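# Chains, contacts and geometry: an overview
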Amino acid sequence: SDCHDWTVGDVSRWLRKLSLGMYAGKFVEASVDGEFLLELKEEDLAGVLGMEHKLHRRKFLLAREKLSLSPEERQRRAAAVKFIGDAAPRGNQQLLLVSQENYHHHHQQQQPPSEAG
């Protein structure tokens, strides 16, 4: 379902799914629904919402980025993750995905000049 339509309860469930449920109380207190979830800045997380752990904030922001992707983009990334994820230990897919995109980007610029016959 579109996260724009999420209730405060949906946001709490999403946090628990990410193993960030310890922050759900603060999000409920701040009435963070789906619309608002997409607007939160990192300093909101660290300050008012008590998410002091930098990696928790990063995890939150990465997961939220996936929420706001278009379905096509999400599918494209999922396919890429699946493709490299099969060979990867669990948990490294996100890192691999990023490096895979960098890899392609890098190699598009590094094409050897075609040899003139």
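Note: the structure precedes this text.
So, here's what we can say about the structure. Small disclaimer: the values here were computed from a predicted structure and weren't measured.

### Details of the nonpolar core
- Counting residues in each nonpolar core, the largest one holds 20 residues, and the members touching the most others are Trp14, Leu15, Phe27, Leu37, Leu40 and Phe60.
- The set of elements that each furnish at least two residues to this core consists of helix H1 (8-17), helix H2 (24-29) and helix H5 (54-67).
- For Leu37, the residues in contact, after removing those within four places along its chain, are Trp6, Val11, Trp14, Phe27, Val32, Phe60, Arg64 and Leu67.

### Describing unusual backbone geometry
- A positive phi angle, near 60°, is found at Ser19, a position not held by glycine.
- The exposure class of Ser19 is exposed, given its relative accessible area of 53%.
- Even without being glycine, Ser31 reaches a positive phi, approximately 55°.

### A closer look at H5
- Taking 1.5 Å of rise per residue, the 14 residues of H5 would be expected to cover 20 Å, and the 20 Å separating its terminal C-alpha atoms lies within 8% of that figure.
- Of the positions making up H5, those classed as buried are Arg57, Phe60, Ala63, Arg64 and Leu67. Considered in projection along H5, the buried side chains sweep an arc of 135° and stay on one side of the axis.

Rules behind the numbers
- Residues numbered from 1 in each chain as written.
- Predicted model: local features only at pLDDT ≥ 70, side-chain atom pairs only at ≥ 80, totals over all residues.
- Heavy atoms only, no water.
- Core = buried A, V, L, I, M, F, W, Y, C linked by side-chain atoms within 4.5 Å.
- Buried < 20%, exposed > 50% of the residue type's maximum accessible area, 1.4 Å probe, protein only.
- Helix = DSSP H or I, 4+ residues; strand = E, 2+ residues; numbered from the N terminus.
- Contact = heavy atoms within 4.5 Å.
- Expected span 1.5 Å × (residues − 1).
- Arc of directions from axis to C-beta.

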